Amino acid sequence: MKKKVILPVIVLFLIAVNFTYLSLEGEKNEELIDISETSDVKMNDNFVSSSNENQRSTLQPELPKTNSLPKFVGYIVNLKNTAKLDFGKESDSPPTEAILSFEVIFENQDIGKQKRRGILRNFKVTTPDKGALPTDENEIGFLYAYKAPQLYTSIDMLGLSREHPLGSAAFYISNLSYSTSDEPVTIKEASRSVVYQYQIEGASNTVKRRLLDILYTDQFELGSIVDDIKDSWSGQIGDDSFLTEANVNLSMRGDVSLDMSHNSSSIAENNKIKIDMTIVGSYQRFDPGHVEFKNELFTFNANARFNSDLESYAAKDDISNDEQYYEALNGLSNSLSYTESVRVGQYLLNFKTLSEIKSMLSDEALSPLERQAILMAIQDANQPESEQYLGNIINDPDVPYRYRAAGMVNLAHLEGATDIAMEAFKEVIKRNDSPMLSETAMFNIGNLANKQTTLRQSGIDMVSAVLQSNTSSNRERLIALKSAANIDDDVFTPTFIKSMNSDHPFERNAAVEGALYRPDGRADAVEHLLNEEKTVVLTTASRFFSTNEMTFIEQGQFYNRLVKEESDNKQSALATILLANEKQRPQMISKLEELSLNTNKPGLTKILDIYQQQTLSESTFPNVGG
């Protein structure tokens, strides 16, 4: 390996190290936090003597309580690392900086439940030399357990490597934990055990922690680290007992001993790098609104695909000629790797004209997947030209319809899109080259307005105009309703409720789904479903309840309708709704099995047989290691 390749890899390794000064793998974690006087980690002697001199009660100030827990708890996280690296050479390297930002969102915090779900999203690593490093992680799922008032334990990162910057998410999440007791809290991780003590200042509801001791139990795969750590942390507790903000300031000195046994060259004397670093971070609570927890984010090893992307990006040179470009494009069409997409997109925007790119989209020598990869690459490169190029492509009649439609999806999801994108969508609708293109544009106006708050009102106005027009066809209203659901705004709640009375079942389907996700529309949607005769409308409820638990009243309402239902198809639809939520399914299966035994309901029996076969398959071929 050449020296220029080794350096970026080490820099990326240090990003992971610098942001965490620890290393862990969620899948190795057992119970992470023990609260007891018999910690297996020895207390710092200075702290013990200090504690003996100032005996305090273990009772902390009582926190305010609320009657209900929030559905989702979200935090915006920003961490800045400054590191000084000493390679032991005569030349003195300047300090390096890296900035990590992301959002963390926790599912509702029901105490005592296991396997709670969380999402890390909008992840970005920025360094001065490379700018924003590309990442595939639009959303990363993780699992955790929860203890009141706000202790996050048993973090499982689902296969994400601990060398990855987000592989140490248990550390990030520990900065959102606190205890109301001043007894030492031991946080056990795969590579170490850490002991904290929390103290609440009652008048201000400020909580602070003190780092008491650390015991390392594991080493890094790429090298070992010996550190001298100072930790400063404080948080502000809100009225609902959750932190509204937290701030962390860490400093560390130590040596990283790299294993270069597979290399003939060395970049540091004795393969050791001395590091001196600080990490300053802030956590700010925000309301994430409705968050979809997609099942595929939480399967075993779901995040393993992210492990090599950053290292691969650092090690690869930029594309410099057409031969390299077509080779990379072919690989991208199969891998869909974000890092490869950025490389391809940068080459296109830096070395190809818009006319040349359009020609590629019409080139039959390229496969359909390769041509769609071109559009994805332009989006992922995220340069100023990206928005202009995509906006032009979707309105060019010489570009095949298929790729104009695909380009709309890329444009709607372009990070930092502006009114240039919104105007491009409006132009597609105005041109009306085909119903398919106009519908795709309207649908993606909703996606764009959802992602870009500055464009939200413009999107609302466009969609509302279609829904309020007496000349809109049922098909146009259907697409507008779906676009309204994408915008995710309460302004559309009355429209959803009104549209549930449409004579057209697909329009009712879209209206019911939109209303279910609105706080003031859910009850109306459920009431409508209890009298709905079309299974195509009923089935939309199963999608909603798969990620949202039914209330006790809702369970009873759907069950009572199932008891009275004579149609086999509607029995199946109602049973699917009742069994949609994984957490509520075991108890509901027992209830439905009893109903099936005592009544003649073929549609219900069919659904129960499907779930029985699924359970048998899972027990025969278990998902080992999850």
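Here we summarise the structure given alongside this text.

About the thresholds
- Per chain, the residues get numbers from 1 upward, laid out in the order the sequence is written.
- Side-chain atom pairs in this predicted model are given and counted only at pLDDT of 80 or more, local residue features only at pLDDT of at least 70, and totals for whole chains, interfaces and linings cover all residues.
- The basis for every side-chain value is the complete set of heavy atoms in the structure, and neither hydrogens nor water enter the calculation.
- The helix and strand labels rest on DSSP assignments: H or I over at least four residues marks a helix, E over at least two residues marks a strand, and numbering proceeds from the N terminus.
- Each polar contact in these results corresponds to two N or O atoms within 3.5 Å; when the atoms are within protein, one needs to be able to donate a hydrogen and the other to accept it, and residues that are neighboring in sequence are counted only if both atoms are side-chain atoms.
- A 1.4 Å probe rolled over the protein chains alone gives each residue an accessible area, and that area as a share of the maximum for its type sets the label: buried under 20%, exposed over 50%, partly exposed in between.
- What makes two strands pair is DSSP finding at least two bridges between them.
- Paired rings are identified among Phe, Tyr and Trp, the last through its six-membered ring, by centres lying within 6.5 Å, and are further divided according to the angle between planes into stacked (under 30 degrees), edge-to-face (over 60) and tilted (the rest).
- Think of it as a cone above the ring: NZ of Lys or CZ of Arg counts as a charge over the ring if it is within 6 Å of the ring centre and within 35 degrees of the ring normal.
- For this analysis, a salt bridge means a side-chain nitrogen from Lys or Arg found within 4 Å of a carboxyl oxygen belonging to Asp or Glu.
- The span you would expect from a helix comes to 1.5 Å times its residue count less one.
- Throughout, a contact is declared for two residues whenever any of their heavy atoms are within 4.5 Å.
- Think of it as the arc spanned by the lines of direction from the helix axis to the C-beta atoms.
- Angular values range over 0 to 180 degrees, each being the angle between N-to-C directions of two axes fitted as lines to C-alpha atoms, with helices fitted over their stretch in contact.
- Should an angle lie under 35 degrees it is considered roughly parallel, over 145 roughly antiparallel, and from 65 to 115 roughly perpendicular; all remaining angles are considered oblique.
- Handedness of a crossing follows from how the near helix is turned relative to the far one, being left-handed for an anticlockwise turn of less than a right angle and right-handed for a clockwise one.
- Each residue gets one of three labels, nonpolar for Ala, Val, Leu, Ile, Met, Phe, Trp, Tyr, Cys and Pro, charged for Asp, Glu, Lys and Arg, and polar for the others, Gly among them.

**Focus on the side chain of S337**
Here is step 1 of the chain: Looking at the secondary structure, you find S337 in the loop between α5 (322-335) and α6 (338-351).
Here is step 2 of the chain: Within the local environment of S337, its side chain forms a polar contact with the side chain of T339, the two groups lying 2.8 Å apart.

**A short note on the pairing of strand β6 (residues 139-147)**
Here is step 1 of the chain: Counting buried positions along β6 yields eight of nine residues, so the element is predominantly enclosed.
Here is step 2 of the chain: Judged from the six bridges that link them, strand β4 (residues 116-127) and β6 form a sheet pairing that is antiparallel. Bridge pairing in β6 links G118 to F142.
Here is step 3 of the chain: Both β6 and strand β7 (residues 151-156) contribute to a ladder of four bridges, which runs antiparallel. Bridge pairing in β7 links A145 to T153.
Here is step 4 of the chain: Hairpin connection from β6 to β7: three residues lie between these consecutive antiparallel strands.

**Here's the deal with the packing of aromatic side chains**
Here is step 1 of the chain: Throughout the structure, instances matching the rule amount to 18 aromatic pairs.
Here is step 2 of the chain: Both rings, one in Y146 and one in Y152, keep their centres 5.9 Å apart while their planes meet at 45°; by these two values the pair is tilted. Exposure class is identical for Y146 and Y152. Each is buried.
Here is step 3 of the chain: One aromatic cluster in this structure is built from F106, F142, Y144, Y146, Y152 and F242.
Here is step 4 of the chain: Positioned over the ring face of Y196 is R209, at 4.2 Å from the centre of the ring.
Here is step 5 of the chain: Against the face of Y559 rests K591, its NZ or CZ located 4.7 Å from the ring centre.

**Things to note about the pattern of salt bridges**
Here is step 1 of the chain: Considering all chains together, one arrives at 26 salt bridges under this definition.
Here is step 2 of the chain: When the shortest N-O distance is used, the salt bridge between E340 and R343 registers 3.2 Å. Residue E340 and its partner R343 are both found in helix α6; the two are separated by three residues, about one turn of the helix.
Here is step 3 of the chain: We classify R343 as buried; its relative accessible area is 12%.
Here is step 4 of the chain: E554 is paired through a salt bridge with R522; the nearest N and O atoms lie 2.7 Å apart. Residue E554 is found in helix α19 (residues 552-564), and its partner R522 is found in helix α17 (residues 522-529); the two are separated by 32 residues along the sequence.
Here is step 5 of the chain: Judged by relative accessible area, E554 falls into the buried class, the value being 8%.
Here is step 6 of the chain: The structure contains a network of salt bridges with shared partners spanning E533, R561, E565 and K570.

**Here we look at helix α12 (residues 435-451)**
Here is step 1 of the chain: The end-to-end C-alpha separation of α12 is 25 Å, in line with the 24 Å expected for 17 residues at 1.5 Å each.
Here is step 2 of the chain: Those residues of α12 lying buried are L437, S438, T440, A441, M442, N444, I445, G446, N447, L448 and A449.
Here is step 3 of the chain: Its buried side turned inward, α12 meets α10 (401-412), α11 (419-431), α13 (456-468) and α14 (474-487).

**Focus: the pairing of β4**
Here is step 1 of the chain: With nine of 12 residues buried, β4 is to be regarded as a mostly interior element.
Here is step 2 of the chain: Sheet topology places strand β3 (residues 96-107) next to β4; seven bridges connect them, and they run antiparallel. Its bridge partner being in β4, E103 is matched across the sheet by R121.

**With respect to the side chain of S181**
Here is step 1 of the chain: You can see S181 is positioned in the loop between α3 (169-174) and β8 (185-188).
Here is step 2 of the chain: The buried category is assigned to S181, whose relative accessible area is 19%.
Here is step 3 of the chain: Reaching out from S181, the side chain makes a polar contact with the backbone nitrogen of E183 at a distance of 3.0 Å.

**Quick notes on α11**
Here is step 1 of the chain: The end-to-end C-alpha separation of α11 is 18 Å, in line with the 18 Å expected for 13 residues at 1.5 Å each.
Here is step 2 of the chain: Listed as buried for α11 are A421, M422, A424, F425 and V428. Viewed along the axis of α11, the buried residues span an arc of 160°, placing them on a single side of the element.
Here is step 3 of the chain: For α11, the elements touching its buried residues are α9 (384-393), α10, α12 and α13.
Here is step 4 of the chain: Two residues or fewer after α11 comes N432, characterised by a positive phi angle close to 55°.

**With respect to the packing of α12 against α14**
What describes two packed helices is the angle between their axes and the distance between those same axes.
Here is step 1 of the chain: Interhelical geometry of α12 versus α14 gives an angle of 15° and a closest axis separation of 7 Å. Here α12 lies roughly parallel to α14, going by the angle between them. α12 and α14 meet at a crossing whose hand is right-handed. On the side of α12, the interface is formed by E439, M442, F443, I445, G446, N447, A449 and N450, while α14 contributes R475, I479, A480, K482, S483, N486 and I487.
Here is step 2 of the chain: Classifying every residue of the contact of α12 with α14 gives seven nonpolar, five polar and three charged.

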